[in-house]
Amino acid sequence: VPAHEVQKLRCHRLVDIERHGKYLVLVFGDAAPHSLLLHLGMSGQIRLAPAATRPRWTLHEHWRLRFGPSMVRYVDPRRFGALLTCPRGRARAHPLLARLGPDPLEAGFGPQALSRASRGSRATLKSFLLDGRRVAGIGNIYACEACFEARIRPTARVHRLDRQAWNALCNALRVVLHRALAAGGTSIRDYVDARGEPGWFQHELRVYGREGRPCSVCSTAIRVRRDAGRSTYYCPGCQRSVPSPRGG
Ligand SMILES: [Zn+2]
């Protein structure tokens, strides 16, 4: 985004921050010309610090926004995420957001919305969950954990899932995301929150990164499959390819 577009937001008050999938929308007061839309990329971090201090991590800083005495900095040692403007109140219509599938933490999300999102797809459950146009905001770690929580194999085909499976999956997504939020996120590589604090959900992971270790439910050794650079962890003991009659 050109700097002069951001300059136009000077003196406008930040009134809300929305999240849609992996995008954040910074909404300013009524008179603001636009909102800011940002994506953190794979490893980007938003850091909040007093504007007066010069933090040691400015080396990989891509942009900063000053809010009174505080400075918000976007830091990413790898590829840049995105900082764009979008018309105020119309973020959902932005081309990047309009394509997003339902978000498990948004109102109105339920098993119907989830199974509707799978229509016409014969993908595996894991790739369905990772496809932001089908389901918004789910990365590899949470996809693995949600499949485990729902007791369904990540390799199950979505067109084979029945209503019980969609119910289980819907609950699993919410449970896993709420637990992760409560734990402050998952710090496997470099995730930290706005104050630089790591999350603790990595200590609560039940399958991700636990290859060869016993399943916390049935003690079977956790397995891993690697396709296209992504690792899929699952328990062969309690995650079924076809949902069990009880739905797990
Ligand atoms: Zn198990």
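Remember, it's a predicted structure, so these values are computed and weren't measured experimentally.

Peer 1: So, the coordination of the zinc ion: which residues are in play, and what are the values?
Peer 2: Within the first shell, the zinc ion binds the protein through Cys 215 (SG), Cys 218 (SG), Cys 235 (SG) and Cys 238 (SG), at distances of 2.3 Å. In this structure, the zinc ion is surrounded by four donor atoms whose angles at the metal cover 97 to 121 degrees, and the resulting shape is tetrahedral. Written as a sequence motif, the donor arrangement for the zinc ion is C-x2-C-x16-C-x2-C. Pair noted here: Cys 215 is in the loop between helix H6 (163-182) and strand S8 (223-227) and Cys 235 is in the segment after strand S9 (230-234), with a separation of 20 residues, a long-range link. Owing to a relative accessible area of 0%, Cys 235 belongs among the buried residues under this scheme.

Peer 1: An account of helix H5 (residues 140-150) is requested, with residue identities and associated values reported.
Peer 2: Most of H5 sits out of view: 10 of its 11 residues are buried. Looking at H5, one finds that the buried residues are Asn 140, Ile 141, Tyr 142, Ala 143, Cys 144, Glu 145, Ala 146, Cys 147, Phe 148 and Ala 150. The inward-facing, buried residues of H5 contact helix H4 (125-130), H6 and S9. The positive-phi residue at the C-terminal boundary of H5 is Arg 151, with phi of around 60 degrees.

Peer 1: Summarise the pattern of salt bridges; cite the residues concerned and give the values.
Peer 2: Opposite charge on two side chains permits pairing when their charged atoms draw close. On inspection of all chains with the given rule, the structure shows 10 salt bridges. Among the ionic pairs, Glu 149 bridges to Arg 206, the shortest N-O distance being 3.8 Å. Taken together, the residues span a long stretch of sequence, with Glu 149 in helix H5 and Arg 206 in the loop between H6 and S8 at a distance of 57 residues. With a relative accessible area of 23%, Arg 206 lands in the partly exposed category. By sharing partners, the salt bridges in this structure join Glu 61, Arg 64 and Arg 73 into a single network.

Calculation criteria
Residue positions are given per chain, counting from 1 as you read along its sequence in written order. Thresholds applied to this predicted model are a pLDDT of at least 70 for local features of residues and 80 or more for the giving and counting of side-chain atom pairs; totals over whole chains, interfaces and linings are not thresholded and use all residues. Note: side-chain values were computed over all heavy atoms of the structure, leaving out hydrogens and water. Coordination partners: N, O, S within 2.8 Å of the metal, 3.2 Å for Na, K and Ca; water not considered, so apparent gaps in a site are possible. Only two sets of limits are used to name each site, 85 to 135 degrees for every angle of a tetrahedral four-donor site, and over 155 degrees for opposite donors with all other angles from 65 to 115 for a square planar four-donor or octahedral six-donor site, with any other site named irregular. In this text, helices come from DSSP runs of H or I with a minimum length of four residues, and strands from runs of E with a minimum of two, each type numbered from the N-terminal end. Burial status follows relative accessibility: with a 1.4 Å probe on protein chains alone, a residue under 20% of its type maximum counts as buried, one over 50% as exposed, and anything between as partly exposed. The contact criterion used is simple: two residues touch if any of their non-hydrogen atoms lie within 4.5 Å. When a carboxyl oxygen of Asp or Glu is within 4 Å of a side-chain nitrogen of Lys or Arg, the pair counts as a salt bridge.

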